[in-house]
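Observations on chain architecture
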Amino acid sequence: PRPVVVTAPAARQGAPRPMAAKCGVGMILKQTGGVLIVKKLAEGGAAARCGQIKEGDTLAKVDGTIVSTADEAAEYIVGPEGTETTMLFYREVAGKRSTITVNLRRAPIT
């Protein structure tokens, strides 16, 4: 499967949104069989700056809603500049699952 850049729920809304309207958290996700894995964090993006999210973490919820596809994630992650989103991640370390919850402020996607 190809990596998916979380930018916008483009196909669901018909017309693409103007570039200036796209605000996210700076994270590239890889969709693998019903789960979303953090593939990369954009340098200087909100996800990287928070210091809690790592490549390989699994994104489980955005704003309290379970997400399992890139389209679902984008629908909740992308929003107006300066607004906050709450994300819940799982991390597996030595067979134990940790839960990480972060609040991130959206910024323009470059």
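The structure displayed is predicted, hence computed values, not measured ones.

1. Quick notes on the overall build of the protein
Helices and strands together make up the secondary structure of the protein, namely three helices and nine strands. Ordered by position from the N terminus, the helices and strands of the protein form the series β-α-β-β-β-α-β-β-α-β-β-β. The buried share of the protein, taken over its 110 residues, is 34%. For the protein, the computed accessible surface area is about 6,400 Å², with 52% contributed by carbon and sulfur atoms.

2. Points about the packing of aromatic side chains
Applying the stated criterion to the full structure yields zero aromatic pairs. In this structure, Arg97 packs its charged tip against the face of Tyr90, placed 4.1 Å from the ring centre.

3. Digging into the nonpolar core
Side chains that are nonpolar tend, in soluble globular proteins, to be buried together. With 19 residues, the main nonpolar core has Met27, Ile53, Leu59, Ile77, Met87, Phe89 and Leu104 as its most contacted residues. Looking at this core, the elements that each hand over two or more residues are strand E3 (27-32), strand E4 (35-41), helix H2 (46-49), strand E5 (58-62), helix H3 (70-77), strand E7 (84-93) and strand E8 (96-105). With residues up to four places along the chain from it excluded, the contact list for Ile53 reads Val38, Leu41, Ala47, Phe89, Arg91, Val102 and Leu104.

4. A few points about the confidence of the model for the protein
In this model, the protein carries a mean pLDDT of 85, and residues with pLDDT of at least 70 account for 80%. Here helix H1 (residues 10-13) is the element of the protein with the lowest mean pLDDT, 41, and E5 is the one with the highest, 97. A low-confidence stretch, residues 7-19 (pLDDT under 50), is modelled with 17 contacts involving residues beyond four sequence positions or located in other chains.

5. Remarks on the pairing of E3
The pairing of E3 with E4 spans six bridges and is classified as antiparallel. Looking at the pairing, Thr32 lines up with Val35 of E4.

Cut-offs and rules
Residues numbered from 1 in each chain as written. Predicted model: local features only at pLDDT ≥ 70, side-chain atom pairs only at ≥ 80, totals over all residues. Heavy atoms only, no water. Helix = DSSP H or I, 4+ residues; strand = E, 2+ residues; numbered from the N terminus. Buried < 20%, exposed > 50% of the residue type's maximum accessible area, 1.4 Å probe, protein only. Areas by Shrake-Rupley, 256 points an atom, 1.4 Å probe, with all protein chains shown as cover. Phe/Tyr/Trp six-rings, centres within 6.5 Å; stacked < 30°, edge-to-face > 60°. Lys NZ or Arg CZ within 6 Å of the ring centre and 35° of its normal. Core = buried A, V, L, I, M, F, W, Y, C linked by side-chain atoms within 4.5 Å. Contact = heavy atoms within 4.5 Å. pLDDT = per-residue confidence, 0-100. Pairing = 2+ DSSP bridges.

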